[in-house]
There are 2 protein chains.
Amino acid sequence: MSDILENLDPELVGRPDAPDFDASAAADVLHEALEKGGDDAVRDWFAHVQEADIADILAELELPSMARALSLLGLEERAEVVGHLPVSTQADYVASLERSEVARLLREMSADERADLFNALDTVEQDRLLPALAHAEREDIRRLSSYPEGTAGAVMTSEYASLPEGLTARQAVDELRRVAPDKETIYSAFILDDQRRVIGVVSLRDLIVAPPTALVVDLMESDVISARVEDTQESAAEKIARYDLIALPIINGGDKLVGILTADDAMDVAEAEATEDFHRAGGAIGNLGASVRDATIPRLYRMRVTWLVLLVFANIFSGAGIAAYEDTIAAHLTLLFFLPLLIASSGNAGAQASTLMVRAMATGDVQMRDWGRMLGREFLVAALLGVTMSAAIAGIGVWRGGVDVAQVVAVTMVIVVIVGSLIGMSLPFLLSRLKFDPATASGPLVTSIADVAGVLIYFGIAAAMLSPSVA
Amino acid sequence: MSDILENLDPELVGRPDAPDFDASAAADVLHEALEKGGDDAVRDWFAHVQEADIADILAELELPSMARALSLLGLEERAEVVGHLPVSTQADYVASLERSEVARLLREMSADERADLFNALDTVEQDRLLPALAHAEREDIRRLSSYPEGTAGAVMTSEYASLPEGLTARQAVDELRRVAPDKETIYSAFILDDQRRVIGVVSLRDLIVAPPTALVVDLMESDVISARVEDTQESAAEKIARYDLIALPIINGGDKLVGILTADDAMDVAEAEATEDFHRAGGAIGNLGASVRDATIPRLYRMRVTWLVLLVFANIFSGAGIAAYEDTIAAHLTLLFFLPLLIASSGNAGAQASTLMVRAMATGDVQMRDWGRMLGREFLVAALLGVTMSAAIAGIGVWRGGVDVAQVVAVTMVIVVIVGSLIGMSLPFLLSRLKFDPATASGPLVTSIADVAGVLIYFGIAAAMLSPSVA
C-alpha cells in the first residue's frame, strides 16, 4: 500500500498546475488510496493541493468516493472545493448529505456560489433545506436569485465591505479587520450614505498608507464607476478590465448598493462570454452548460442542429442559382471547375471580415456609428485582396478554361471577394441594429450568404461574357 | 465660449463609461475648449474622468492638442493617462518632449509600461533618453525587455512587494506601507529567502486580520503557485484566473523571483489571446497591432491574404473533383442543384466541430489525450445531425431530382456531415500534435478541406448509384 500513498506525493502524480496534469489519473490514485484506508495520506496530500485542483480531481470520481474524500477536508476548505465543482455535481453531493450538514456547508460557502447551488437543487431538495437555513441566508439567496441570467445582478455577490461616513483611516482599517472573515474582498470598501447609496470608494492600500487620523472622506474617490443590476454581466466585467478595479459596485433601481462583482469573477465572466462568442462564430449556439468533454450528446446536438438546418435552406438559393444557369453551364462545363474556388473565396473573405468586426464590436473597439468608415476601408482592403486572388488564379484559368473562361473567372474573383467582404463586414452591424448579438454573424452564416452571391455573380458574368453555344 | 465649457460637464458630453459614449465627439469639444483657452475648465473636467477614458479621448486628438491637454494634468495622473494610450501614440508624444521631461514621466510610469514605451522608441530617441535615466531604471528596462514577446517575462512587472523571513504581522504591514508607493500591488507579498527564492506568499488581508505579533512564516501559504519567465503569457494569465490570484510570481531559471503578473494585466492578456484566437478562427492571422478601427490597410491586407490565397489552391482540388465527374454531371445536371447545399453542410458541420474543439483546447477543457473519447462522441452527434439534415432535404430531393437523385442526396448528406465533423474535430488535435496553434484549424481551412471531401463523396456516390446515361 505504501507505493500508492507515495503516489499521492504531488511531485509523483504531477503538479496539478502543470499543463500536462492528468486529473483522471490522479483521481484513480486517490480512489485506490481511499479504498485502502489511507485517509491520513490523503489529508496530507490535500494540504499541498489548491482547492481548484482538488475539485478537478474529485469531479472525476463517483459520488461515494467524492463524498468520502470531501469528508476528509475541514469545513472551510470543503466549502471552497465544493464551490469549484460543476454545479450539477454540487447538487448531487448536497443531496447525499444530511440536512444539518448541508446547512453548515452552505453557510460557509460564498454568497454567490451558495445561491447558484441552491438554484441548481430540485424543489423537493430546496424545501428540505430551507428550514435549516438562517433567515438572513434565505433572504440573501432569494435576492441574489432574483436577477435574470446574464445580468450583473446574477453574477454579483452580496459580501461587499462598506463603511459609514465619518470614519478616520485607523477606524476604517479596524472596521475592515472586523468584517474581513465574511467579505469577498476588503481591498475595496464602499462608503455609503444612510440610504445605502455609494458616495465613494477607498482602497485598503490608501487607508494603510494614510496617516491614521486622516478622514476617509478625504481619502476616498468620489467618482465611483458602477454598474446596475440589469446591465449585462459582459459590460460589468468589461468595466473591471478597463478601469483595473478589484471590485465593481452593483446598484439597484433606487441607486442603493446591493452587491459587487469581483475581479476574479469578472475573469470567469469574460472567459465564458468569449467562449460563447467563439461558439456562435462557429455556428454553434447556446450555452454548453459544461466543458465540451462532459457535455451531453443531446446538448451538443441541439447547439448545432439549428444553424445547420437553417443554412441548408439558405444554400438552396445557391442551388437554384445554379439551376437557373443550367444552359450556360451545359455549354461550358469547364466553368464548374472554378465554381468551388470562387464561392469559397467569396465565403472566406466574408468570414474574415465578419470575424474582425464581431470581435471588435465585442471588445468595444468598434461601434454602430463606425459603420460608414469601416465600409470604405473594407472596400479598399477587399479590392486589393480580390486583385491579388485574381492574379493568383489567372494562370490556372487560362490553362483549364482558355482565355474566354479565364477572363470570366478573373473578373468574377475580384467582384466576389469584394461582395463577400462587404457582406461579412456589414452583417454584424445589421444584426446589432436589429438587436441581435453581432456574433450571430457567424462564419457559416456569412459563408452561406456569400456563396449565394458568388454563384449568381459568377454565372451572371459567364452568361453575359460567353457565347451561349458550346465552346 | 461658456457653452463649450459647459459641454465639458461629463453629464453633457455623456458619461465615458456609458456604452454609447462617443470619444471623438468628446475630443472635438475638448479641442475647442483648449483653442479658446479654457484650461481651468478642462482641468476641472479631467478631475472627474477616469484615466482610461481621458486616454481614449486624447487618442482622437492631433499631437499638439494632445500634448497641450496632457500638460494640464499633474505628473502622476499624466503618467497614468500616457500608459493607457496606444504605444505608438506614446512614442510620438514622448518624442515631442524635452529630455528631462521624458525622464520625469518615465520614472513615474509603472515598470512594465515604461519598458514597453522605451522599446517602441526608435534607437535615436532611445540614445537621447538613456543618459537622463537613473541606472536602476535602465537596468529595469533592459531586464524587462529581454524576454521574447508572448512570454510571461514580457508582460510581468518588476514592482512586486517582497518581505524577508522573520517578520511579525505588524512589521510586515509597516514594511508594505513603506514600499507601497513604488509597488504595483501590496495585497500579495512574497516572502523570499536570501537567494530571492519564493518560500511563501501572504495576503495583506491575512496580515491585517492576524494578531500583530504573529509571525509571517506562520501566516503565509508555502505552496506558492508560480510561472516561469519563459512560460506563455496565456498560461500565466490562466493560472491567475484558475486560482483567483491577485498577483502571480514569475521566476527565472535560477528559481529567483524576477517579477509578477497582476490580475488586471492578466485580464488584458486573456482578452488579447481571445482576440487572436478569434481572428485566427476566422482565417485572419497575426497581430492587428491596434484596434480594427485604426489598423492600417496594408496590415489588414497582410492578415487576410495568406489564408485566402492558400485556400484558393485547396479549392482547386474541389474543382478537379468536379472535373473528374464531368460525365456524370453532364448526364444528371440536376445533381448540381444540390452541390452547394451538400458541400456547405459538410463545411458548416466541420466548422462547428472545430470551433468547439479549438476553444476547449484554448481554455484547457480538452487535452491531447482526450482525442479518442472526443472522436467517439463526435461520431454520434454528427450521425444524428446527418440524419436530421437528410430528412430535412428529402422532400426537396424528390421534388427537384426525382427518387433516384433524392436517394443519392440523402445518403450523401449523412456521410458528408459525419466526415466534415470528424475532420473539423480532429484537425485541431493534429495541428497541436504538429506544434501548431490548434486555432489555426480555422473555419475557412476546415470548410475548404470539408468541401473537397464533400465533392468527392457526392459525385462518387452519384456515379455509383445512378445510370451513366442521361436520365
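The rules behind the values
- Residues numbered from 1 in each chain as written.
- Chains lettered and ligands numbered in written order.
- Predicted model: local features only at pLDDT ≥ 70, side-chain atom pairs only at ≥ 80, totals over all residues.
- Heavy atoms only, no water.
- Helix = DSSP H or I, 4+ residues; strand = E, 2+ residues; numbered from the N terminus.
- Polar contact = N/O pair within 3.5 Å; in protein donor to acceptor, adjacent residues only side chain to side chain.
- Axes fitted to C-alpha atoms, helices over the stretch in contact; angles between N-to-C directions.
- Parallel < 35°, antiparallel > 145°, perpendicular 65-115°, else oblique.
- Left-handed = near helix turned anticlockwise from the far one by under 90°.
- Contact = heavy atoms within 4.5 Å.
- Nonpolar A, V, L, I, M, F, W, Y, C, P; charged D, E, K, R; others polar.
- Buried area = accessible area lost by both parts, 1.4 Å probe.
- Salt bridge = Lys/Arg side-chain N within 4 Å of Asp/Glu carboxyl O.
- Pairing = 2+ DSSP bridges.
- Expected span 1.5 Å × (residues − 1).
- Bend = angle between axes of the 7 residues up to and from the residue.
- Least-squares fit on C-alpha atoms with pLDDT ≥ 70 in both.
- Buried < 20%, exposed > 50% of the residue type's maximum accessible area, 1.4 Å probe, protein only.

(A) Highlighting the environment of A:Ser146. With respect to the element layout, A:Ser146 can be found in the loop between α12 (135-144) and α13 (152-155). In this structure the side chain of A:Ser146 is engaged in a polar contact, spanning 2.6 Å, whose partner is the backbone oxygen of A:Arg143.

(B) Here's a closer look at the packing of helix α22 (residues 371-433) of chain B against helix α23 (residues 443-465) of chain B. Residue and element names in this part refer to chain B. Packing of α22 against α23 leaves a shortest axis separation of 9 Å and a crossing angle of 150°. By the angle between their directions, the pair α22 and α23 is classed as roughly antiparallel. Two packed elements cross with a definite hand, and for α22 against α23 that hand is right-handed. For the pair formed by α22 and α23, the contact residues are Gln407, Val408, Val409, Val411, Thr412, Ile415, Val416, Val419, Gly420, Ile423, Gly424 and Leu427 on the first element and Leu445, Val446, Ile449, Ala450, Ala453, Gly454, Ile457, Tyr458, Ile461, Ala462 and Met465 on the second. Class assignment of the residues belonging to the contact of α22 with α23 gives a composition of 18 nonpolar, five polar and no charged.

(C) Molecular detail of the packing of helix α19 (residues 297-324) of chain B against α23(B). Residues and elements named next belong to chain B. Their axes nearest at 8 Å, the elements α19 and α23 cross at an angle of 5°. By the angle class used here, α19 and α23 are roughly parallel. Counted together, Trp307, Leu311, Ala314, Asn315, Phe317, Ser318, Gly321 and Ile322 of α19 and Pro444, Leu445, Ser448, Asp451, Val452, Val455, Leu456 and Phe459 of α23 form the full contact between these two elements. Its residues placed into classes, the contact of α19 with α23 shows eleven nonpolar, four polar and one charged.

(D) Region of interest: the interface of chain B and chain A. Every contact between the two is made by 127 residues of chain B and, on the other side, 127 residues of chain A. Taking both sides of the interface into account, the surface hidden between chain B and chain A amounts to around 10900 Å²; carbon and sulfur atoms contribute 64%. On the chain B side of the contact with chain A, B:Phe278, B:Arg293 and B:Arg304 bury the most area, a combined 8% of that side's loss. For the interface between chain B and chain A, the tally reads six salt bridges. Between B:Glu378 and A:Arg304 there is a salt bridge, with its nearest N and O atoms 2.8 Å apart. Across the chain B-chain A interface, the total number found is 41 residue pairs in polar contact (both at pLDDT 80 or more).

(E) Seen up close, the sheet that holds strand β1 (residues 161-164) of chain B. All names here are of chain B. Ordered in space as β1-β2-β3, the three strands form an open sheet in which the pairing is mixed. Single-partner strands in this sheet number two, and they are β1 and β3 (198-203). Strand-to-strand twist across the sheet, computed as the mean angle between neighbouring axes with direction ignored, equals 35°. Sheet analysis places β1 next to strand β2 (residues 188-192), joined by four bridges and oriented parallel. Pairing of Leu163 across the sheet is with Ile191, part of β2.

(F) The arrangement of α19(B) in detail. With 28 residues, α19(B) ought to run about 40 Å at 1.5 Å a step, and its terminal C-alpha atoms sit 40 Å apart, in line with that. Within α19(B), the axis deviates most sharply at B:Val305, by approximately 35°.

(G) Local environment of the relation of the copies chain B and chain A. At an RMSD of 0.1 Å, chain B and chain A line up after a rotation of 180° and a shift of 0.0 Å along the axis. On this basis, the relationship between the two copies can be described by a two-fold rotation axis. In this assembly, 100% of the residues forming the interface of chain B have copies in chain A that are likewise at the interface, indicating an isologous arrangement.

(H) Geometry of the sheet that holds strand β5 (residues 247-251) of chain B. Residue and element names in this part refer to chain B. Across the sheet, which stays open at both edges, the three strands sit in the order β4-β5-β6 with mixed pairing between neighbours. On the outer flanks of this sheet lie β4 (227-228) and β6 (257-262), each paired with one strand and no other. Sheet topology places β5 next to β6; five bridges connect them, and they run antiparallel. Along β6, the bridge assignment pairs Ile251 with Leu257.

(I) A look at the pattern of salt bridges. Counted by the stated rule, this structure contains 37 salt bridges over all chains. A:Arg43 serves as the salt-bridge partner of A:Asp40, at 2.9 Å between the closest nitrogen and oxygen. Placement of the pair is A:Asp40 and A:Arg43 together in helix α4 (residues 39-46), with a separation of three residues, close to one helical turn. Three or more residues are tied together by salt bridges with common partners; here these are A:Asp53, A:Asp56 and B:Arg242.

(J) Molecular detail of the environment of A:Asp92. Residue and element names in this part refer to chain A. Along the chain, Asp92 turns up in helix α8 (residues 87-95). Take Asp92: its relative accessible area is 47%, and that puts it in the partly exposed class. Between the C-alpha atom of Asp92 and that of Val405, which follows or precedes it by 313 residues, the distance is 66 Å.

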